[in-house]
Amino acid sequence: MANPFTLGVASGEPLPDGVVLWTRLAVDPLGTDPRRPGGMAPKAVEVSWQLAEDERFTQGLRRGIAQALPVWAHSVHARVAGLKPGTDYFYRFKAGSQQSPVGRTRTADDPASTRPVRFAVANCQRYEHGFYTAYRHLAAERPDVVFHVGDYIYESRQSARVVRALGPLPGETSRLHEYRQRYARYRTDPDLQAAHAAAPWVPTWDDHEVLDNYRGRGDGSAAFLRRRGAAYQAYYENQPIRVRPEDGNLQMYRRRTFGTVADFMVLDVRQYRDATTMLGAAQEQWLLSRLVTSPVRWRVLVQPLFFARRFVPGPAPNLRPDSWDGHPVQRARILGVNVPGLVVFSGDVHNAWAGELKADFLDPGSATVGVEFVGSSITSQPPETDGPAVLAANPHLKFFDDRRGYLSCTAGPEELRVAFRAMDFVDRQGAPVRTVAEFVTKGNGLTSENASSK
Ligand SMILES: [Fe+2]
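Remember, it's a predicted structure, so these values are computed and weren't measured experimentally. (Residues numbered from 1 in each chain as written. Predicted model: local features only at pLDDT ≥ 70, side-chain atom pairs only at ≥ 80, totals over all residues. Heavy atoms only, no water.)

Engineer: Provide a residue-level description of the coordination of the iron ion, including the pertinent values.
Structural biologist: Taken together, Cys124 (SG), Asp151 (OD), Tyr154 (OH) and His350 (NE2) make up the full set of protein donors to the iron ion, lying 2.0 to 2.5 Å away. Viewed at the metal, the four donor atoms of the iron ion are separated by angles of 87 to 165°, and the geometry they form is irregular. Within one chain, the residues serving as donors to the iron ion are arranged as C-x26-D-x2-Y-x195-H. Taken together, the positions of Cys124 in the loop between strand S9 (117-122) and helix H1 (133-141) and His350 in the loop between strand S15 (342-346) and strand S16 (352-358) put the pair 226 residues apart, joining distant regions of the chain. As far as the burial class goes, Cys124 and His350 line up, both buried. (Donors = N, O, S within 2.8 Å, 3.2 Å for Na, K, Ca; no water. Tetrahedral: all angles 85-135°; square planar, octahedral: opposite > 155°, others 65-115°. Helix = DSSP H or I, 4+ residues; strand = E, 2+ residues; numbered from the N terminus. Buried < 20%, exposed > 50% of the residue type's maximum accessible area, 1.4 Å probe, protein only.)

Following this line, the structure appears as structure tokens:
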């Protein structure tokens, strides 16, 4: 067999005692044959994995065997349990005589831990828009965990703006083999592979993993549900997540808790959505009750869409219906819980923002009930945005930056700190990264530190 580890390795879903180890075998990652995703023959392949506390695989070695099955595009999701909390581990796979690269992962902290959590937030990585230099820098930071808030792939046909070509199958993806091939295209990138190999990930999806701006069951047609099912299956096959799709659905909303410091509530703003609800009744109920009972310092919503009200001056629509401004009643119910330490992370808009969440967005004097940090994009081009005009029209928004980048964060018992990491270019490799703004919150409000805006 030729090298089957062309898509790298990954880990995810850290718990205090376990993680998921991922790889997907692909001897010809960009292959276009629907019956042979990744160029793999339609038969099972035995894959062994090893995990240890040191990079030389001598301390606390564990091993296991997994079957990479054609029905799941030869992906492997090995759930490892019985590990120590808050501990670094290293892992690798073997198929035949071929050995994968080594990945580093880490378990979540012990439930009683007060240790600060270092995490990164990334989103929106349209392949043809540029190089994943941001991920090279993110990997070097070796955070405890990486959250991805959507647009991991773009289903769209290749953009008119091409820094690097998609290659074979540049059209819009709608069938299973096309989604699989699109993920393989993205995952061949060495910088993305480095970020996955550096830390466990906890991803959630937005719309482009399926179809631009889709909601729930779309038009309800069998064709759309088939397409959504194919996209969800390919998502599972290409992410280090715990749960498999069933009957065309995939359970995505979940929490990941780190000690007494942070409860990350990862939301799904697409699967259950319709004209009346962003989250669906069951997910909203789960979120509201968890917000109330969560016994931690920081209650962190990890989700794709701009949460604060954002009035954009100029021609209508001034409020974007695809964001939380399209569901203000449900947003008000979440903010109305009024718990301390509420923090929202989001993405989607391809520019970076920071702001305060208000009890009443139309009354700047109303209580501040949380803060929001909006990640820019790893590569995706931003729309034309008059940042200063939007800031002026929305006093609760405090910061705007239009460069590509990611968020580098630390949540501790005293404060939560967020650095906006940005690069000046992604149309060629090698851009340095720097912190263009840093914000600290100790509870409700937002304080700017070390800001070096353009
Ligand atoms: Fe995006």
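Engineer: Outline empty space enclosed by the protein, listing residues and values.
Structural biologist: Counted under the stated rule, the structure contains two cavities of 30 Å³ or more. By volume, the largest cavity is sized at about 60 Å³. In this structure, the largest cavity is lined by 13 residues; those nearest its centre are Ala352, Ser376, Tyr406, Phe420 and Arg421. Elements with a contribution of two residues or more to the lining of the largest cavity: strand S19 (404-411) and strand S20 (416-423). Considering only residue class, the lining of the largest cavity consists of six nonpolar, three polar and four charged. Volume-wise, the second largest cavity comes out at about 50 Å³. If you trace the second largest cavity, you find it lined by Arg24, Gly31, Thr32, Asp33, Pro37, Gly38, His177, Arg180 and Gln181. Per element, the largest residue contribution to the lining of the second largest cavity is three residues, and it comes from helix H2 (residues 176-187). When the residues that make up the lining of the second largest cavity are grouped by side-chain class, the tally is one nonpolar, five polar and three charged. (1 Å grid on protein atoms, 1.4 Å probe; cavity = no way out; pocket = protein on both sides within 12 Å on 5 of 7 lines; lining within 4 Å. Points joined across faces, edges and corners; volume = space filled by probe spheres on them. Nonpolar A, V, L, I, M, F, W, Y, C, P; charged D, E, K, R; others polar.)

Engineer: Lay out helix H5 (residues 281-293) in plain terms, naming residues and giving numbers.
Structural biologist: Taking 1.5 Å of rise per residue, the 13 residues of H5 would be expected to cover 18 Å, and the 18 Å separating its terminal C-alpha atoms lies within 8% of that figure. Here H5 has its buried residues at Gln283, Glu284, Leu287, Leu288, Arg290 and Leu291. Seen along its axis, H5 keeps its buried residues to an arc of 165°; they face one direction. Exposed positions of H5 whose direction lies more than 90 degrees from the buried face are Ala281, Ala282, Gln285, Val292 and Thr293. For H5, the elements touching its buried residues are strand S12 (254-258), strand S13 (262-266), strand S14 (298-302), helix H6 (328-336) and S15. (Expected span 1.5 Å × (residues − 1). Arc of directions from axis to C-beta. Contact = heavy atoms within 4.5 Å.)

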